[in-house]
Amino acid sequence: MSSEFDETITTRDRLREIIGEPSHRVLNKVIDHIDGICTKYIASSPYIVVATRGVDGLLDLSPRGDPAGFVHVLDAKTLIIPDRLGNKRIDSFENLLANPEVALLFIIPGHTFTLRVSGRGRIVRHAPLQERLSVNGRPPGLLLAISVEEAFLHCAKSIARANLWRPEKWPDTSEVPSLAEGMVAHGKLSESVDGMQSIIDDDYETRMY
């Protein structure tokens, strides 16, 4: 495959020769805890992406969404993420049993920069916290506890380049297949696309929490 490219970068020296070195402002922005700035960002974020690594070595990304502030800051070194009803694959939890390393990307709609947090995750249950993190009277069955080792704000260029919050710049999605189409095709399901769509619609109506 390497013959298809002009060059494959294999050393840090070569990588830095091309990119250069970061400034002290970028290097020094990383902290090892959740401070007041991070806490305020987390309180306004309704959407995160959770990264874990499976026993097969492959990385996994899992999106999570809830009302803004659903990730609870227990203390400066601990975050708590409630687990809501899903499809029971629980890839992230299965991965954490083998590899506790975890990373989070916090996003605020309309906001240009993001917050990145990494550390180690544990699958826990704690009745008072589960009750506190209830939605519509339904507490989460499990909690993901993150022991924070690193946190920093990420610049806004990626969101600006993508025009993520500018509807007039959004791409035409008329040719993008539906989730139902994708599930039927990829899973080689016996259900029709319409039948699968009905299952998805019912799940949204009855199993949101």
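Look a little higher up for the structure.
What comes next is a walk through the structure. In this text, all values refer to a predicted model and were calculated from it rather than measured experimentally. (Residues numbered from 1 in each chain as written. Predicted model: local features only at pLDDT ≥ 70, side-chain atom pairs only at ≥ 80, totals over all residues. Heavy atoms only, no water.)

### Digging into the overall build of the protein chain
Within the protein chain one finds eight helices and seven strands. Summarising its shape, the C-alpha atoms of the protein chain cover approximately 55 × 50 × 40 Å along the three principal directions. Scored against the burial criterion, the 209 residues of the protein chain give a buried share of 27%. Looking at the protein chain alone, contacts between residues at least 24 apart form 61% of all its contacts between residues at least 6 apart. Just so you have it, the protein chain exposes about 14,000 Å², and 55% of that area is on carbon and sulfur atoms. The distance from the centre of the 24 positive side-chain charges to the centre of the 29 negative ones in the protein chain is 7 Å. (Helix = DSSP H or I, 4+ residues; strand = E, 2+ residues; numbered from the N terminus. Buried < 20%, exposed > 50% of the residue type's maximum accessible area, 1.4 Å probe, protein only. Contact = heavy atoms within 4.5 Å. Areas by Shrake-Rupley, 256 points an atom, 1.4 Å probe, with all protein chains shown as cover. Lys, Arg positive; Asp, Glu negative; His and termini not counted. Charge placed at Lys NZ, Arg CZ, Asp CG, Glu CD.)

### Quick word on helix α4 (residues 91–98)
Along α4, the residues classified as buried are S92, F93, N95 and L96. For α4, the arc enclosing every buried residue in end-on projection is 160 degrees, short of the 170-degree limit, so these residues lie on one face. The secondary structure elements touched by the buried residues of α4 are β1 (47–53), β2 (59–65), β5 (101–107), β6 (114–124) and β7 (143–154). (Arc of directions from axis to C-beta.)

### Focus on the sheet that holds β6
Across the sheet, which stays open at both edges, the seven strands sit in the order β2-β1-β5-β6-β7-β4-β3 with antiparallel pairing between neighbours. With one partner strand each, in any of the chains shown, β2 and β3 (72–75) form the two edges of the open sheet. Within this sheet the neighbouring strands show an average axis-to-axis angle of 35 degrees, counted without direction. Pairing of strand β4 (residues 78–82) with β7, which is carried by five bridges, proceeds in the antiparallel orientation. Pairing of T78 across the sheet is with S147, part of β7. Along the sheet, helix α3 (residues 36–43) contacts β3, β4, β5, β6 and β7; its crossing angle with β6, the most-contacted strand, is approximately 80 degrees. (Pairing = 2+ DSSP bridges. Axes fitted to C-alpha atoms, helices over the stretch in contact; angles between N-to-C directions.)

### A word on unusual backbone geometry
Here K88, not a glycine, exhibits a phi torsion of approximately 70 degrees, which is positive. Relative to the helices and strands, K88 resides in the loop between β4 and α4. Residue I90 is not a glycine yet carries a positive backbone phi of 40 degrees. By the element assignment, I90 lies in the loop between β4 and α4.

### Focus: the state of the cysteines
As enumerated under the stated definition, the model contains zero disulfides in all. C38 takes part in no disulfide bond, and the closest cysteine sulfur to it belongs to C155, at a distance of 16 Å. Overall, C38 belongs to the buried group, its relative accessible area being 4%. We classify C155 as partly exposed; its relative accessible area is 43%. (Disulfide = S-S within 2.5 Å.)

### Re the pattern of salt bridges
When charged atoms on two side chains of opposite charge get close, those side chains can pair. Evaluated as defined, the whole model comprises ten salt bridges. Here R120 ties to E101 by a salt bridge, and the two come within 3.6 Å at their closest N and O atoms. Taken together, the residues R120 in strand β6 and E101 in strand β5 connect sequence positions 19 residues apart. Accessibility expressed as a relative area gives 39% for R120, which makes it partly exposed. (Salt bridge = Lys/Arg side-chain N within 4 Å of Asp/Glu carboxyl O.)

### Describing the pairing of β1
The sheet contact formed by β1 and β2 spans seven bridges and is antiparallel. When the bridges of β2 are listed, R53 appears paired with L59. Hairpin connection from β1 to β2: five residues lie between these consecutive antiparallel strands, with G57 at a positive phi of about 90 degrees. Bridging between β1 and β5 involves five bridges; their strand directions are antiparallel.

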